[in-house]
Amino acid sequence: MAIAVLASLAAGVCFAVAGVLQQRAAATRPDTEALTARLLGRLARDPLWLCGIGLAVVAYGFQSLALAFGPLSLVQPLIVAELVFAVPLSARLYRLRLGRREWSGTLAVAAGLALALLSARPHGGDPRAAGPLSWLLAVGAVAAVVCGALATARMLSGPWRASATALAAGAVMGTQSVLLAATVDRLRHGLLTALATWQTYALVAASVGGLLLIQSAFQQGPLAASMTVLDATEPVVAVTMGMLLFDETIHTGWPASAATLTGLALVATGITALDTSPVIAAAHGRHRAADE
């Protein structure tokens, strides 16, 4: 169990630094490149961004190690600690000092996510349980959320715009997690079986689309406005789709449900506090000024 805890925290630190490096690189790209393939093409030539991607790969390695020695209900809440490392590090790079509001908002999101995941503890399920109609409805609902978030982002500016784009990114990455589970299940029956199913190709598309949305969110605003929303949205979408498609179950009843709702309320409060923070807005202003 100790290995699982240490590996989870190591994954959180690596994810945090990876996010900071990627956001730092993406913030230098002009607004015209947002949500375009050109953004990824330019970033792929940036050594700082490539270091961030490399660290993310290392983080996934630590996460895999943690899952080999501990349950998902322990590992995932600990990895959420990345926010506690990432937001202060990003602020320091922009030479900003976090106040009580910013620390409280960051801790509220991290603690809220950990509480919600620990209390819900999704388990069980069968990746082959869903039929074509169920998949169509679920993917269609996610597509509607993504389109709505991106349309809203176009009407916003500053941290709120980054948060709206991160919401779209989180929805896509949550769907990617579900598609990955379906693909891995089919790989157990052989490579040809996996290649013969649409989920495998949808997984590739979701991975590329999610990467583009994440980098666009990083480009549009400070890390505190994007990573917090991304980290909150991805597990919510993944758990919801897992329940609808795979018949996964979560712990319910008065104590567990109350704790889950409290955790989600803390997440929403923390995100709002960060997005309306003058310090976070100043971070956005500084990285925009640095581009010009």
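Residues numbered from 1 in each chain as written. Predicted model: local features only at pLDDT ≥ 70, side-chain atom pairs only at ≥ 80, totals over all residues. Heavy atoms only, no water.

A. The packing of helix H8 (residues 158-187) against helix H11 (residues 223-246), seen in detail. Interaxial distance between H8 and H11 falls to 7 Å at its minimum, and their mutual angle equals 35°. For the pair H8 and H11, the sense of crossing is right-handed. Counted by class, the contact of H8 with H11 contains 18 nonpolar, eight polar and one charged residues. (Axes fitted to C-alpha atoms, helices over the stretch in contact; angles between N-to-C directions. Helix = DSSP H or I, 4+ residues; strand = E, 2+ residues; numbered from the N terminus. Left-handed = near helix turned anticlockwise from the far one by under 90°. Nonpolar A, V, L, I, M, F, W, Y, C, P; charged D, E, K, R; others polar.)

B. Broad picture of the pattern of salt bridges. Following the criterion strictly, the structure yields four salt bridges and no others. A salt bridge links Glu33 to Arg29, with the nearest nitrogen and oxygen atoms 2.8 Å apart. According to the relative accessible area criterion, Glu33 is buried, its value standing at 4%. Close ionic contact of Arg128 with Asp185 constitutes a salt bridge, the shortest N to O distance being 3.4 Å. Within this pair, whereas Arg128 is found in the loop between helix H6 (100-120) and helix H7 (132-154), its partner Asp185 is found in helix H8, the two being separated by 57 residues in sequence. The class for Asp185 is buried, based on a relative accessible area of 6%. (Salt bridge = Lys/Arg side-chain N within 4 Å of Asp/Glu carboxyl O. Buried < 20%, exposed > 50% of the residue type's maximum accessible area, 1.4 Å probe, protein only.)

C. Fine view of the side chain of Ser119. Residue placement: Ser119 occurs in helix H6. Separated by 2.8 Å, the side chain of Ser119 and the backbone oxygen of Leu115 make a polar contact. Within the local environment of Ser119, its side chain forms a polar contact with the side chain of Thr260, the two groups lying 2.7 Å apart. Once you skip the residues sitting within four places of it in the chain, Ser119 turns out to touch His251, Ala256, Ala259 and Thr260. (Polar contact = N/O pair within 3.5 Å; in protein donor to acceptor, adjacent residues only side chain to side chain. Contact = heavy atoms within 4.5 Å.)

D. Quick look at the packing of aromatic side chains. Applying the stated criterion across every chain yields a total of three aromatic pairs. Arranged with centres 5.1 Å apart and planes meeting at 85°, the rings of Phe15 and Tyr60 form a pair that is edge-to-face. Of this pair, Phe15 sits in helix H1 (residues 2-26) while Tyr60 sits in helix H3 (residues 47-69), and the two are 45 residues apart along the sequence. A relative accessible area of 14% means that Phe15 is categorised as buried. Seen from their ring centres, Trp135 and Trp198 are 5.2 Å apart, and the 90° between their planes marks the pair as edge-to-face. Of this pair, Trp135 sits in helix H7 while Trp198 sits in helix H10 (residues 198-220); the two residues are 63 residues apart in sequence, bridging distant segments of the chain. What makes Trp135 buried here is its relative accessible area of 4%. In this structure Trp198 comes out as partly exposed when scored by relative accessible area, which is 42%. Ring-pair connections join several aromatic residues into one group, and the members of that group are Trp135, Trp198 and Phe246. (Phe/Tyr/Trp six-rings, centres within 6.5 Å; stacked < 30°, edge-to-face > 60°.)

E. Quick look at the layout of surface pockets. In this structure, the largest pocket encloses a volume near 1600 Å³. Forming the walls of the largest pocket are 46 residues, and the residues nearest its centre are Tyr60, Gln63, Gln76, Ser177 and Glu234. Residue contributions to the lining of the largest pocket peak at nine residues, all from H11. Space inside the second largest pocket adds up to approximately 330 Å³. As for the second largest pocket, its lining consists of 19 residues, of which Val145, Thr233, Val236, Val237 and Thr240 are closest to the centre. Put simply, the parts of the chain that give the lining of the second largest pocket at least two residues each are H7, H8, H11 and helix H12 (254-275). Looking at the lining of the second largest pocket element by element, the count peaks at eight residues for H11. (1 Å grid on protein atoms, 1.4 Å probe; cavity = no way out; pocket = protein on both sides within 12 Å on 5 of 7 lines; lining within 4 Å. Points joined across faces, edges and corners; volume = space filled by probe spheres on them.)

F. Structural detail: the side chain of Thr233. Within the element layout of this structure, Thr233 appears in helix H11. Looking at Thr233, its side chain comes within polar contact range of the main-chain oxygen of Val229, at 2.8 Å. Non-local contacts of Thr233, meaning those with residues more than four positions away in its chain, are made with Leu167, Gly170 and Ala171.

Read these as spatial facts, not as claims about activity.
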